[in-house]
Amino acid sequence: MDLSQHAARFKEAISQYRTFLVMSHQRPDGDAVGSSLVMALALKQLGKAVEVWNEDPLPKKFDFLPGGEFWRVTPASPGKDSHFDVIVSVDNANKKRLGRAVDFPTCAKMWINIDHHPSNERFGDLNIVDSDSPATGEVIYRLFRDAGIKVTREMAVSLFVAISTDTGSFSYPATTAQSFSIAADLVAQGLKVGEISKIIYESHPLGRFRLMQRFLSKTGFRADNRISYSWIRPEDYRETQAQPEDSEGLIDMIRAIDTVVAAVMFEQVEDGKIRISLRSKDPHVDVNRIAQKFGGGGHSLAAGARTSGTAEEIQEKVLSELEKCFEH
Ligand SMILES: [Mn+2]
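We now turn to the structure provided with this report. (Residues numbered from 1 in each chain as written. Predicted model: local features only at pLDDT ≥ 70, side-chain atom pairs only at ≥ 80, totals over all residues. Heavy atoms only, no water.)

1. Notes on the coordination of the manganese ion
Reasoning step 1: Within the protein, Asp31 (OD), Asp91 (OD), His116 (NE2) and Asp166 (OD) serve as the donor atoms for the manganese ion, at 2.1 to 2.3 Å.
Reasoning step 2: Sequence spacing of the donor residues for the manganese ion, all on one chain, is D-x59-D-x24-H-x49-D. With histidine 116 in the loop between strand 5 (110-115) and strand 6 (126-129) and aspartate 166 in helix 4 (residues 153-166), this residue pair connects regions lying 50 residues apart in the sequence. Take histidine 116 and aspartate 166: they sit in the same class, and that class is buried. (Donors = N, O, S within 2.8 Å, 3.2 Å for Na, K, Ca; no water. Helix = DSSP H or I, 4+ residues; strand = E, 2+ residues; numbered from the N terminus. Buried < 20%, exposed > 50% of the residue type's maximum accessible area, 1.4 Å probe, protein only.)

As structure tokens, this is what we get:
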């Protein structure tokens, strides 16, 4: 996808307006955090007033990233300082996932929507959505390059983390030659890949390990071990002293089994809802389609939803939908 026309409109929007709010989805992952912070750093460099709001605090493992000072948990209610000319949504498929800020009265004159989810609802005045990109960080890098916005070394760190985490450290099928060539450009800015990887992949808190132990011990299988699934309940966090962000990536443990084609992680979340995360290894088992049945979305190989209902009921519905994919 050619971004040059988008880049021109993006640059025009930036020069026209003064105050910017950058937002991304709740429970932010590396791509959401990296994309938010790099956008803030770029706008600041261009002389703009900028804030980053998120429904959740900056995850601890990403607090080493330059630009963390922009991050703010969305205020409980709209204040006099909650007016911005432009809202930039990054790595976020629909407005609802931005959280309560969406309901604030705002005088935003423009919404810019930068993303890579195929399920993106194109809710912006300017939509820069490339579903062939493995990470929003990659879309932003190309956008900045085409718009002539300089990527500083500080910005390179966040972009690298965004792309590295969303490609599963450059291993998922959506990873392309372009991903490696962008990563090469970023690393050439003097990034220490080993140090960054150690922080994001090898520095998990003990609470996460204990959460993982529980998660693995509850794993179940269906469809001749081609479907794996497990649960996280609120007491698992309490009793292991793990943080919500510690559930990130646990699903990959039950996906990385030779017989498994699709994995599901169910999680009871605070508001009485159930969070469903889905992963697939086979494009024919399209988990985006299944997530959409439960009001969510994502990609064919990675998707999620939040829904209401009892644990047993939701589990049965999701697993039987998935089982249908193996019935022929
Ligand atoms: Mn992403």
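2. Some points on helix 6 (residues 193-201)
Reasoning step 1: Within helix 6, burial applies to Ile196, Ser197 and Ile200. Considered in projection along helix 6, the buried side chains sweep an arc of 95 degrees and stay on one side of the axis. Exposed and oriented more than 90 degrees from the buried face of helix 6 are Gly194, Glu195 and Lys198. (Arc of directions from axis to C-beta.)

3. Re the packing of helix 1 (residues 4-16) against helix 3 (residues 136-147)
Reasoning step 1: Two elements in contact, helix 1 and helix 3, have axes separated by 8 Å at closest approach and are oriented at 75 degrees. When the axis of helix 1 is compared with that of helix 3, the two are roughly perpendicular. Contacts between helix 1 and helix 3 involve Ser4, His6, Ala7, Phe10 and Lys11 on the former and, on the latter, Leu143, Phe144, Asp146 and Ala147.
Reasoning step 2: Each residue belonging to the contact of helix 1 with helix 3 can be placed in one class, and the counts come to five nonpolar, two polar and two charged. (Axes fitted to C-alpha atoms, helices over the stretch in contact; angles between N-to-C directions. Parallel < 35°, antiparallel > 145°, perpendicular 65-115°, else oblique. Contact = heavy atoms within 4.5 Å. Nonpolar A, V, L, I, M, F, W, Y, C, P; charged D, E, K, R; others polar.)

4. With respect to the nonpolar core
Across soluble globular proteins, you tend to see nonpolar side chains buried next to one another.
Reasoning step 1: Counting 53 residues, the largest nonpolar core has Phe10, Met39, Val88, Ile112, Ile114, Phe144 and Leu186 as the members making the most contacts within it.
Reasoning step 2: Top element by residues in this core is helix 2 (residues 30-45). It accounts for eight residues.
Reasoning step 3: Contacts of isoleucine 112, omitting those with residues within four sequence positions, involve Phe10, Ala13, Val86, Ile87, Val88, Ser89 and Leu126.
Reasoning step 4: Core analysis: the next-biggest nonpolar cluster, separate from the first, contains 25 residues, Leu278, Val285, Ala291 and Phe326 among them. (Core = buried A, V, L, I, M, F, W, Y, C linked by side-chain atoms within 4.5 Å.)

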